[in-house]
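Spelled out, the chains give:
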Amino acid sequence: QVQLVESGGGLVQAGGSLRLSCAASGSIFSFNAMGWYRQAPGKQRVLVATLTSGGSTNYADSGKGRFTISRDNAKNTVYLQMNSLKPEDTAVYYCNAYREGLYGPRYDYWGQGTQVTVSS
């Protein structure tokens, strides 16, 4: 059973920083990729950033230049460093990991979510 445990959310003023952590129950290299998504009240869950097992990163336009996704292989943990936070970054942030074979299917795993609130 895969478990993803997030931490690091909280309340911060606009312009501040937070670092989210996602600890996986097994080796992060067992996943094709890990990433962060967020869901604001009344909105759909959207991609924030992803990091593949090969080290490639992808960011949503909203976070480019402000957010950085990284990992600590020894700790089986993925991080999301968020700088220059804006009120519109307020959301529940979810850690995601997935496995997909060459011919599928894809299995997604999710953390419980951590609240990030940015005050103006």
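Rules behind the numbers
- Residues numbered from 1 in each chain as written.
- Predicted model: local features only at pLDDT ≥ 70, side-chain atom pairs only at ≥ 80, totals over all residues.
- Heavy atoms only, no water.
- Helix = DSSP H or I, 4+ residues; strand = E, 2+ residues; numbered from the N terminus.
- Rg over C-alpha atoms; globule rule 2.2 N^0.38 Å.
- Buried < 20%, exposed > 50% of the residue type's maximum accessible area, 1.4 Å probe, protein only.
- Contact = heavy atoms within 4.5 Å.
- Areas by Shrake-Rupley, 256 points an atom, 1.4 Å probe, with all protein chains shown as cover.
- Lys, Arg positive; Asp, Glu negative; His and termini not counted.
- Charge placed at Lys NZ, Arg CZ, Asp CG, Glu CD.
- Pairing = 2+ DSSP bridges.
- Axes fitted to C-alpha atoms, helices over the stretch in contact; angles between N-to-C directions.
- Salt bridge = Lys/Arg side-chain N within 4 Å of Asp/Glu carboxyl O.

Colleague: Honestly, the overall build of the protein chain in this entry has me stumped. Any pointers?
Modeller: Per the secondary structure count, the protein chain includes zero helices and eleven strands. Taken against the 2.2 N^0.38 rule, which gives 14 Å for 120 residues, the C-alpha radius of gyration of the protein chain at 14 Å falls within 12% of a compact globule. The buried share among the 120 residues of the protein chain stands at 39%. A fraction of 53% describes how many contacts in the protein chain between residues 6 or more apart in sequence connect residues 24 or more apart. Per element, the accessible surface of the protein chain, about 6400 Å² overall, is 47% carbon and sulfur. Side-chain charges in the protein chain split into 11 positive and 7 negative, and the spacing between the mean points of these groups amounts to 2 Å.

Colleague: I would appreciate a short explanation of the sheet that holds strand β3 (residues 18-24) in the present structure.
Modeller: Sheets are built from strands that pair by backbone hydrogen bonding, the pairs being arranged parallel or antiparallel. Strand order across the open sheet formed by four strands is β1-β3-β8-β7, with antiparallel pairing between neighbours. Both edges of this open sheet fall to β1 (4-7) and β7 (67-72), since each of them pairs with a single strand only. Averaged over all adjacent pairs, the angle separating strand axes in this sheet is 15 degrees, with direction ignored. The sheet contact formed by β1 and β3 spans four bridges and is antiparallel. In the sheet register, Val5 faces β3, and the bridge partner there is Ala23.

Colleague: It is not clear to me how the environment of Met34 should be interpreted in this structure. Could you clarify?
Modeller: Following the sequence through the fold, Met34 ends up in strand β4 (residues 33-39). Assessed through its relative accessible area of 3%, Met34 is described here as buried. Discounting residues that sit within four places of it in the chain, Met34 has contacts with Leu4, Cys22, Ala24, Ile28, Ala49, Thr50, Leu51, Ile69, Val78, Cys95, Asn96 and Ala97.

Colleague: Looking at this structure, I do not really get the pattern of salt bridges. What am I missing?
Modeller: This model, assessed by the stated rule, comprises four salt bridges. As a salt-bridge pair, Asp89 and Arg38 come within 2.9 Å of each other at their nearest N and O atoms. Note that Asp89 is positioned in the loop between β8 (77-82) and β9 (91-100) and Arg38 in strand β4, a separation of 51 residues in sequence. Here Arg38 falls in the buried class, since its relative accessible area comes to 12%. As a salt-bridge pair, Arg106 and Asp108 come within 2.8 Å of each other at their nearest N and O atoms. Salt bridges sharing common partners tie together Arg38, Arg66 and Asp89.

Colleague: What's the story with the environment of Gln1 in this structure? I'm lost.
Modeller: Its place among the elements puts Gln1 in the segment before β1. Expressed as a C-alpha distance, the spacing of Gln1 and Gly26, which sit 25 residues apart in the sequence, is 9.2 Å.

Colleague: It is not clear to me how the pairing of β8 should be interpreted in this structure. Could you clarify?
Modeller: Two faces belong to every sheet, and in a regular strand the side chains alternate between them. Within β8, five of the six residues are buried, which leaves it mostly tucked inside the rest of the structure. As defined by bridge partners, β3 adjoins β8 across six bridges and the pair is classed as antiparallel. Directly across from Ala23, in β8, lies its bridge partner Thr77. Of the strand pairs in this sheet, β7 and β8 are connected by six bridges, and their pairing is antiparallel. When the sheet's bridge partners are listed, Thr68 is paired in β8 with Gln81. Counted along the chain from β7 to the antiparallel partner β8, the turn is four residues long, and its residue Asn76 has a positive phi close to 50 degrees.

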